[in-house]
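# Descriptive structure summary
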Amino acid sequence: MKTSVVTSNGYVLRTDSNGNPVLPVIGETIQRTPSTVVDPFGGIGGFAFHAMINGLRWTGVELEARFVYLCQDNLDFWSKRWGLTGGRIVQGDSRRLCEVLGAAGVAAVVSSPPYEGNVKHDYLLSEDGKTRARDLRRGYIQGQGCFRGSEGYGATQGQLGREESETFWSSAKTILAQCHAILRPGGVAVWVCKDFVRAGKRVSFSQQWATACAYVGFELVEWIHASLVKEESHPGLFGEDVTKRTEKKSFFRRLAEKKGSPRIDHEDVLILKKPE
């Protein structure tokens with residue numbers, strides 16, 4: 001006979017002789033099974049770190065083999081350095097997310113989706129903000145605080161970020177439907193999105209992604225604008241207002257905006273849920 005039962009919120013309760021849950025007494029420590037967070041665009045595991053330091057399990061699904069290897073390296077490093085556990089990366093296609101993971105009833109899906117035709121040329125700079133040429137001279141390798149280059153989201157056939165227009169959105173809706181299916185009722189999906197500029201015009205990608213989420217059955221809970229710009233003002237020597245502006249943008253994005261490209265001053269955090 002079972003001596004404990006796990007509630008829908010993950011709490012472990014003792015049971016009586018008939019198998020019924022027993023409410024804890026005041027001061028009793030209650031164990032809780034860590035909730036599982038799924039990332040359908042696992043990449044090199046950026047969200048894994050944040051999940052694990054908050055006591056959550058993280059499972060990422062990634063199509064590109066080299067990103068899977070890099071992610072596993074990161075998980076191993078975080079385990080040795082800080083004792084973080086509960087993360088795993090699986091190579092597979094998120095269009096078949098339920099089949100790849102063989103599980104359902106997860107608590108949350110958290111990720112940052114690629115946008116269509118995203119073959120990047122705005123390199124991710126290393127920590128001190130120097131250029132890609134310097135990184136190459138110093139021998140940095142992909143995924144270790146270095147540039148991403150013009151490789152986009154990988155060369156594997158089926159990479160969502162390499163798809164165009166209708167093909168992209170057809171695949172995106174399939175992945176979103178799989179995310180909806182793998183969540184338990186009341187489960188949460190969180191997407192970190194950002195508009196982008198193409199042919200000199202701003203593309204409302206965040207709104208498009210939110211629309212696709214609604215199409216497969218998600219309900220919007222909250223839409224947060226996460227600013228990429230910070231302004232601090234203080235009085236100057238002669239009483240004038242002095243404003244310091246700091247931007248968390250790539251060098252190439254800042255350069256484009258100085259030349260007249262539409263400004264992208266915030267990311268969007270979309271919080272949605274699967275209806276009960």
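Here the structure is a predicted model, which means the values were calculated and not measured.

### Considering the overall build of the chain
- Within the chain, the regular secondary structure consists of seven helices and 14 strands.
- The burial tally for the chain puts 39% of its 276 residues in the buried class.
- Considering only contacts within the chain whose residues lie at least 6 apart along the sequence, 64% involve residues at least 24 apart.

### A closer look at the environment of Glu-247
- Among the structural elements, Glu-247 can be located in strand β13 (residues 241-247).
- Sequence separation of Glu-247 and Glu-231 is 16 residues, and the distance between their C-alpha atoms is 8.8 Å.
- Ignoring anything within four residues of it in the chain, the contact list for Glu-247 reads Leu-228, Val-229, Arg-254, Glu-257 and Arg-263.
- In this structure the side chain of Glu-247 is engaged in a polar contact, spanning 2.9 Å, whose partner is the side chain of Arg-245.

### Remarks on the pattern of salt bridges
- For the structure on display, the rule yields 15 salt bridges.
- Residues Arg-66 and Glu-64 are paired through a salt bridge, measuring 3.3 Å at the closest nitrogen-oxygen approach.
- Accessibility expressed as a relative area gives 6% for Glu-64, which makes it buried.
- Residue Arg-253 pairs with Glu-257 through a salt bridge whose shortest N-O separation is 3.0 Å. Here Arg-253 pairs with Glu-257, and both are found in helix α7 (residues 251-258), just four residues apart, close to one helical turn.

### Things to note about the nonpolar core
- If you look at the biggest cluster of nonpolar residues, it comprises 31 residues, and the most contacted ones within it are Val-109, Trp-191, Trp-209 and Phe-218.
- Secondary-structure elements contributing two or more residues to this core are α3 (97-101), β7 (106-111), α5 (165-182), β8 (183-193), α6 (205-215) and β14 (266-273).
- Here this core gets seven residues from one element, more than from any other, and that element is α5.
- Setting aside residues up to four positions removed in sequence, Trp-209 forms contacts with Phe-41, Pro-113, Phe-168, Trp-169, Ala-172, Leu-176, Trp-191, Cys-193 and Leu-270.
- Core analysis: the second largest hydrophobic core is formed by 15 residues, Met-52, Trp-58, Trp-78 and Val-269 among them.

### Regarding the side chain of Glu-257
- Since its relative accessible area comes to 10%, Glu-257 is described here as buried.
- Within the local environment of Glu-257, its side chain forms a polar contact with the side chain of Arg-263, the two groups lying 3.5 Å apart.
- Only 3.0 Å separates the side chain of Glu-257 from the backbone nitrogen of Ile-264, close enough to count as a polar contact.
- In contact with Glu-257, not counting residues within four places along its chain, are Glu-247, Lys-249, Pro-262, Arg-263 and Ile-264.

### Describing the packing of aromatic side chains
- What the rule picks out here adds up to 14 aromatic pairs.
- Arranged with centres 4.1 Å apart and planes meeting at 15°, the rings of Tyr-115 and Phe-196 form a pair that is stacked. Taken together, the residues Tyr-115 in the loop between β7 and α4 (132-138) and Phe-196 in strand β9 (residues 196-198) connect sequence positions 81 residues apart.
- The structure contains a cluster of three or more aromatic residues connected by ring pairs, namely Phe-41, Tyr-115, Phe-168, Trp-169, Trp-191, Phe-196, Phe-205 and Trp-209.
- If you follow Lys-173 out to its NZ or CZ, it ends over the ring of Tyr-215, 4.3 Å from the centre.

### Points about the confidence of the model for the chain
- Put simply, the chain has an average pLDDT of 80, and 73% of its residues get 70 or more.
- Per-element averaging of pLDDT across the chain places α4 at the bottom with 49 and α6 at the top with 96.
- Considering only residues more than four positions removed or in separate chains, one finds that residues 120-132, a stretch of pLDDT under 50, has 33 contacts.

### A closer look at unusual backbone geometry
- Notably, Ala-199 is not glycine yet its phi reads approximately 55°, a positive angle.
- Topologically, Ala-199 is positioned in the loop between β9 and β10 (201-203).

### As for the pairing of strand β12 (residues 229-235)
- Pairing of β12 with β13, which is carried by seven bridges, proceeds in the antiparallel orientation. Directly across from Ser-233, in β13, lies its bridge partner Thr-243.
- Between β12 and β13, which pair antiparallel and follow one another directly, the connecting turn spans five residues, one of which, Gly-239, has a positive phi of 85°.

### A few points about the sheet that holds strand β5 (residues 57-62)
- Read across the sheet, seven strands follow the order β6-β5-β4-β7-β8-β14-β11 without closing on themselves; strand pairing throughout is mixed. Edge positions in the open sheet fall to β6 (87-91) and β11 (219-227), since each of these has one partner strand only. On average, adjacent strands in this sheet sit at an angle of 20° to one another, irrespective of strand direction.
- Pairing of β8 with β14 involves six bridges; the strand directions are antiparallel. For Ala-189, the partnering residue across the bridge sits in β14 and is Leu-272.
- The strands touched by helix α1 (residues 46-53) within the sheet are β4 (36-39), β5, β6, β7 and β8, with β5 carrying the most contacts at an inclination of about 170°.

What counts, and at which threshold
Residues numbered from 1 in each chain as written. Predicted model: local features only at pLDDT ≥ 70, side-chain atom pairs only at ≥ 80, totals over all residues. Heavy atoms only, no water. Helix = DSSP H or I, 4+ residues; strand = E, 2+ residues; numbered from the N terminus. Buried < 20%, exposed > 50% of the residue type's maximum accessible area, 1.4 Å probe, protein only. Contact = heavy atoms within 4.5 Å. Polar contact = N/O pair within 3.5 Å; in protein donor to acceptor, adjacent residues only side chain to side chain. Salt bridge = Lys/Arg side-chain N within 4 Å of Asp/Glu carboxyl O. Core = buried A, V, L, I, M, F, W, Y, C linked by side-chain atoms within 4.5 Å. Phe/Tyr/Trp six-rings, centres within 6.5 Å; stacked < 30°, edge-to-face > 60°. Lys NZ or Arg CZ within 6 Å of the ring centre and 35° of its normal. pLDDT = per-residue confidence, 0-100. Pairing = 2+ DSSP bridges. Axes fitted to C-alpha atoms, helices over the stretch in contact; angles between N-to-C directions.

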